[in-house]
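Here's the letter readout for the chains.
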Amino acid sequence: MTSGENQVKQKPWLGQPAKTIEILQKYHFRFQKKYGQNFLIDPHVLEKIVRAAEIGEDDMVLEIGPGIGTLTQYLAYAAREVCAIEIDRNLIPILTEDTLKDWDNVTVICRDVMDMDLCELVRERNNGRPVRIAANLPYYITTPILMKILEEHVPCRSITVMVQSEVADRMRALPGTEEYGALSLAVQYYTVPEVKASVPPNCFMPRPNVGSTVITLKPRTGDNRICVRDEKLLFRIIRASFAQRRKTLMNGLRNSADLQLSKEQAEEVIAAAGFPASVRGEKLSLEDFAALSDIMSARGLPS
Ligand code: SAM
């Protein structure tokens, strides 16, 4: 559903703690820990997320986990259209009969986002044109959701998400740091991450026991892209290299049940990439992994 051109848009009215409590009590809602439910109760943070997402009035926004619809109202005010995917069916009456009932540019889908074909959704609802993704993500499943969006190449102009600060640190970590790993490389291969805000626990209900961060991931495009011959191979190598953190790259490649390189093969590709034999995976940049991946791919490895 899209709102008519001359229609005056409804302003967000959720966001204050008192309103959230009122809605939760009205529907006798019980938080489900297994769904990572920490609802936002600070209008300044909600506005920050919308600003960080750079939503324009022609944008379609995909929201994962609308909760009681607080962020959804702010997104719907800024965007042309919002499609919100919520797993908890107990929240659906709250969204459809109450908090979002007057928003004709919002569609709520009751599904587990992990089971959905998001590319298909974008094709159906936005003619395949890139959407903006925005969410206060459930923390128990942050990495799988982001990896799904990135690996499946969901057409999007930006991904703006609230995540645990520790996860945001891993996403933008550089080689040689403790936080650097497979998540840093995946996020930075597909996107350029930028931290937008730090958010303390008192901005949520219930309060999480960790600090949170709003981070925007902008997909790499054109010259900014990192190209490899075989994207899947690149990530197999990255996973093998970080499987045993304190081991050398050589051991990571040799001991990987997935790659199964012989000692000679591992030595040869590491030397061909110009790395010392004793190098550790955590010291290699994304470009280094890309070079190693192309060398292996050119040699038909793993065979
Ligand atoms: N957007 C709301 C807000 O900011 O107040 C709620 C955010 S809360 C951190 C995460 C939301 O994601 C919850 O509503 C939860 O039920 C929903 N959720 C959890 N796992 C999900 C999944 N696999 N698919 C879709 N929604 C999910």
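Refer to the preceding data block for the structure.
Residues numbered from 1 in each chain as written. Predicted model: local features only at pLDDT ≥ 70, side-chain atom pairs only at ≥ 80, totals over all residues. Heavy atoms only, no water.

Caption draft 1: Region of interest: the overall build of the chain. When helices and strands are counted, the chain shows 12 helices and nine strands. Buried positions account for 52% of the 303 residues belonging to the chain. Here the contacts in the chain between residues at least 6 apart in sequence split such that 69% fall between residues at least 24 apart. Within the structure as shown, the chain displays about 14,500 Å² of accessible surface, and the carbon and sulfur contribution to it stands at 47%. Counting 38 positive and 39 negative side-chain charges, the chain places the centres of these two groups 3 Å from one another. (Helix = DSSP H or I, 4+ residues; strand = E, 2+ residues; numbered from the N terminus. Buried < 20%, exposed > 50% of the residue type's maximum accessible area, 1.4 Å probe, protein only. Contact = heavy atoms within 4.5 Å. Areas by Shrake-Rupley, 256 points an atom, 1.4 Å probe, with all protein chains shown as cover. Lys, Arg positive; Asp, Glu negative; His and termini not counted. Charge placed at Lys NZ, Arg CZ, Asp CG, Glu CD.)

Caption draft 2: Quick look at the packing of helix H2 (residues 43-52) against helix H3 (residues 70-78). Packing of H2 against H3 brings their axes to within 10 Å, and their N-to-C directions diverge by 45°. Relative to H3, the element H2 lies oblique. Regarding H2 and H3, the two cross each other, and that crossing is right-handed. Between H2 and H3, the contacting residues are Pro-43, Leu-46, Glu-47, Ile-49 and Val-50 on the first element and Thr-70, Leu-71, Tyr-74, Leu-75 and Ala-78 on the second. Of the residues belonging to the contact of H2 with H3, the class tally is eight nonpolar, one polar and one charged. (Axes fitted to C-alpha atoms, helices over the stretch in contact; angles between N-to-C directions. Parallel < 35°, antiparallel > 145°, perpendicular 65-115°, else oblique. Left-handed = near helix turned anticlockwise from the far one by under 90°. Nonpolar A, V, L, I, M, F, W, Y, C, P; charged D, E, K, R; others polar.)

Caption draft 3: Just the site of the ligand, in detail. Taken together, 22 residues are adjacent to the ligand, and Leu-40, Gly-65, Glu-86, Asp-112 and Tyr-140 come closest. With respect to the ligand, the backbone of Val-113 contributes an N or O atom lying 3.0 Å from a nitrogen atom. Secondary structure elements with two or more residues in the shell around the ligand: strand E1 (39-40) and strand E3 (81-86). A per-class count over the shell around the ligand returns 11 nonpolar, six polar and five charged. (Near = heavy atom within 4 Å. Polar contact = N/O pair within 3.5 Å; in protein donor to acceptor, adjacent residues only side chain to side chain.)

Caption draft 4: Looking closely at the nonpolar core. If you look at the biggest cluster of nonpolar residues, it comprises 68 residues, and the most contacted ones within it are Leu-118, Ile-133, Ile-159, Met-171 and Leu-253. Among the elements that take part in this core, helix H9 (residues 231-243) stands out by supplying seven residues, more than any other. Sequence-distant contacts of Ile-133, defined by excluding residues within four places in its chain, comprise Leu-62, Ile-64, Ile-149, Val-154, Cys-156, Ser-158, Ile-159 and Thr-160. One finds Val-50, Val-61, Ala-78 and Ala-197 within the second-largest nonpolar core, a separate group that totals 29 residues. (Core = buried A, V, L, I, M, F, W, Y, C linked by side-chain atoms within 4.5 Å.)

Caption draft 5: Quick look at helix H4 (residues 92-99). Among all positions in H4, only Ile-92, Ile-94, Leu-95, Asp-98 and Thr-99 are buried. The inward-facing, buried residues of H4 contact helix H1 (17-26), H3, E3 and strand E4 (106-110).

Caption draft 6: Highlighting the pattern of salt bridges. All chains considered together, the criterion is met by 16 salt bridges. In this structure, Asp-258 engages Arg-236 in a salt bridge whose closest nitrogen and oxygen atoms are separated by 3.0 Å. Of this pair, Asp-258 sits in the loop between helix H10 (249-255) and helix H11 (263-272) while Arg-236 sits in helix H9, and the two are 22 residues apart along the sequence. Among the ionic pairs, Glu-268 bridges to Arg-299, the shortest N-O distance being 2.8 Å. Taken together, the residues Glu-268 in helix H11 and Arg-299 in the segment after helix H12 (286-298) connect sequence positions 31 residues apart. (Salt bridge = Lys/Arg side-chain N within 4 Å of Asp/Glu carboxyl O.)

Caption draft 7: Expanded view of unusual backbone geometry. Of the consecutive residues Met-205 and Pro-206, the connecting peptide bond is found in the cis state with omega at -15°. The omega torsion across Leu-301 and Pro-302 is -10°, close enough to zero to call that bond cis. On the secondary structure map, Pro-302 appears in the segment after H12. A positive phi angle, close to 50°, is found at Asn-127, a residue other than glycine.

Caption draft 8: Fine view of the packing of H9 against H12. Their axes nearest at 9 Å, the elements H9 and H12 cross at an angle of 115°. Considering the relative orientation of H9 and H12, their crossing is right-handed. Contacts from Leu-233, Leu-234, Ile-237, Ile-238, Ser-241 and Phe-242 of H9 reach H12 at Phe-289, Ala-290, Leu-292, Ser-293, Met-296 and Ser-297. Tallied by class, residues from the contact of H9 with H12 come to nine nonpolar, three polar and no charged.

Caption draft 9: Quick peek at the pairing of E3. Among the six residues in E3, six count as buried, and that is most of the element. Side-chain alternation along E3 places Glu-81, Cys-83 and Ile-85 on one buried face and Val-82, Ala-84 and Glu-86 on a second face that is also buried. Inspection of the sheet shows strand E2 (residues 60-64) paired to E3 by five bridges, in the parallel sense. Residue pairing for E3: Glu-63 is matched across the bridge by Ala-84. With five bridges connecting them, E3 and E4 associate as parallel partners. Paired with Cys-83 across the bridge in E4 is Thr-107. Read as a crossover between parallel neighbours, the route from E3 over H4 to E4 is right-handed. (Pairing = 2+ DSSP bridges. Right-handed = clockwise from strand over helix to strand, strands pointing away.)

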